[in-house]
Amino acid sequence: MVRRSWIPLVCCAAALQLSCNLVDNVVDNAALCTDACLQIQDCDATPPTPEFAGFGAASTGEGGLDCAASCTADDRELRGYADCQLTCITEVKCGEVQDCWKPRSAAYAKYCLDGRDVPDLGAPADEAPANGTVTGSAQVDEIVTDPAVAIAVDEAADDGFELNYGDDPPQLVGKYQVSGKIDSSSNARPEGSRIETSICFWDFDDSAIDGVRVSYCEDGVPGEDTAPLTGTNGDFTAYFEFPGQATILFSGAMNGDGTLSQVEALVVYTYATDVWELSHTDWTPIGTCDRCDP
């Protein structure tokens, strides 16, 4: 049991009410973190770690210990410990604790989305894709129903981000050097953080009626995957999914010489809402490829 009755008394006696409230809030949060971490440990839940692509976070493999290290951190929202998630963790039954990191779940909606409008994303009715999808890809139709993605796309629109809809994206193949920095951030990595990497695209496949896909990998990151593409008239959006961790949306335009203009990269952390970062990056073609450097 946390005893904190002495804090208001001392603060008020010193006529430092503002400092008093600040300290009391810190203690309240620490108490809530203690309850949440005990619940995570008792329920054998697995907290998220922002670990994907070139960005990693250390994990002990013990949920309670990971929670203790992350819950009171300055960037706790990035680690999956927003106030509403802490309340969710402490109030739901063990079988639902994991849902407190799933924005699609009923538990998350109850504690973190109550009264919140989740935007419906898709092409305008008069520009509906010919393949019968909402966005140009059946896979993307599913991706954009995730509240984490829908809210981030809507919020990032104020900083110039937009999805390119359609079922006829340009042929995105080859290797690109990607350079830029984070320009806007919501509870994520700091603005000004550098983005330096290289990405390889190959096996562009536009044969399926439900949307275009392309294989991709990133230098220095193990594994490869396929990404859906949407777009038309040279404009495209590629969607990289890291299940339970993040979805990265790259939106840009392909020029006639193969260069890509001002590609916007929106990283959405999908174990929470209102946790995202936006970069405006330059992509320089550096040759053909079908694999990445380890």
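Details of the structure are given in the entry above.
As the structure is a computational prediction, the values presented were derived from the model and not from experiment. (Residues numbered from 1 in each chain as written. Predicted model: local features only at pLDDT ≥ 70, side-chain atom pairs only at ≥ 80, totals over all residues. Heavy atoms only, no water.)

Draft legend 1. Inspection of unusual backbone geometry at higher detail. Positive phi values are uncommon outside glycine, yet Asn233 reaches one of about 55 degrees. Among the structural elements, Asn233 can be located in the loop between β4 (225-232) and β5 (235-242). When its relative accessible area of 73% is taken as the criterion, Asn233 is described as exposed. (Helix = DSSP H or I, 4+ residues; strand = E, 2+ residues; numbered from the N terminus. Buried < 20%, exposed > 50% of the residue type's maximum accessible area, 1.4 Å probe, protein only.)

Draft legend 2. Structural detail: helix α7 (residues 147-156). The buried fraction of α7 is high, at 8 of 10 residues. On its buried face, α7 is in contact with α6 (138-143), β6 (246-254), β7 (260-269) and β8 (276-285). Its side-chain oxygen 2.9 Å from the backbone nitrogen of Ala148, Asp146 forms the N-cap of α7. (Contact = heavy atoms within 4.5 Å. Polar contact = N/O pair within 3.5 Å; in protein donor to acceptor, adjacent residues only side chain to side chain.)

Draft legend 3. Molecular detail of the state of the cysteines. Tallying each qualifying case throughout the model produces 7 disulfides. Here Cys84 engages in a disulfide with Cys112; their sulfurs sit 2.1 Å apart. On the sign convention where negative means left-handed, the S-S torsion of about 105 degrees between Cys84 and Cys112 marks this disulfide as right-handed. With a gap of 28 residues between them, Cys84 in helix α4 (residues 83-91) and Cys112 in helix α5 (residues 106-112) connect regions that are remote in the sequence. Residue Cys200 pairs covalently with Cys289 via a disulfide, S to S 2.0 Å. Negative torsions about the S-S bond denote left-handed disulfides, and the value of about 110 degrees found for Cys200 with Cys289 makes this one right-handed. In this pair, Cys200 sits in strand β2 (residues 194-205) while Cys289 sits in the segment after β8, placing the two residues 89 residues apart along the sequence. A residue is classified by how much of its surface remains accessible, and Cys289, at 18% relative accessible area, is buried. (Disulfide = S-S within 2.5 Å.)

Draft legend 4. Up close: the pattern of salt bridges. Taken as a whole and assessed by the stated rule, the structure comprises 12 salt bridges. The partner of Lys181 in a salt bridge is Asp183, and the shortest N-O contact between them spans 2.9 Å. Close ionic contact of Glu196 with Arg194 constitutes a salt bridge, the shortest N to O distance being 2.9 Å. Three or more residues are tied together by salt bridges with common partners; here these are Arg116, Glu155 and Asp274. (Salt bridge = Lys/Arg side-chain N within 4 Å of Asp/Glu carboxyl O.)

Draft legend 5. Here's a closer look at the packing of aromatic side chains. The final tally for this structure, using the stated rule, is 9 aromatic pairs. Ring geometry for Phe201 against Phe240: centres 6.1 Å apart, planes inclined by 50 degrees, an arrangement best described as tilted. Here Phe201, found in strand β2, pairs with Phe240, found in strand β5; they are 39 residues apart in sequence, far enough to count as distant. Assigned by exposure class, Phe201 and Phe240 land together as buried. (Phe/Tyr/Trp six-rings, centres within 6.5 Å; stacked < 30°, edge-to-face > 60°.)

Draft legend 6. How the structure looks around the pairing of β4. Here strand β3 (residues 212-218) pairs with β4 via 5 bridges, running antiparallel. Bridge assignment links Tyr216 to a residue of β4, and that residue is Asp225. Connecting β3 to the next strand, β4, in antiparallel fashion are 6 residues, including Gly220 with a positive phi near 80 degrees. With 4 bridges connecting them, β4 and β5 associate as antiparallel partners. Bridge pairing in β5 links Thr232 to Asp235. Counted between consecutive antiparallel strands, the loop separating β4 from β5 contains 2 residues, among which Asn233 sits at a positive phi close to 55 degrees. (Pairing = 2+ DSSP bridges.)

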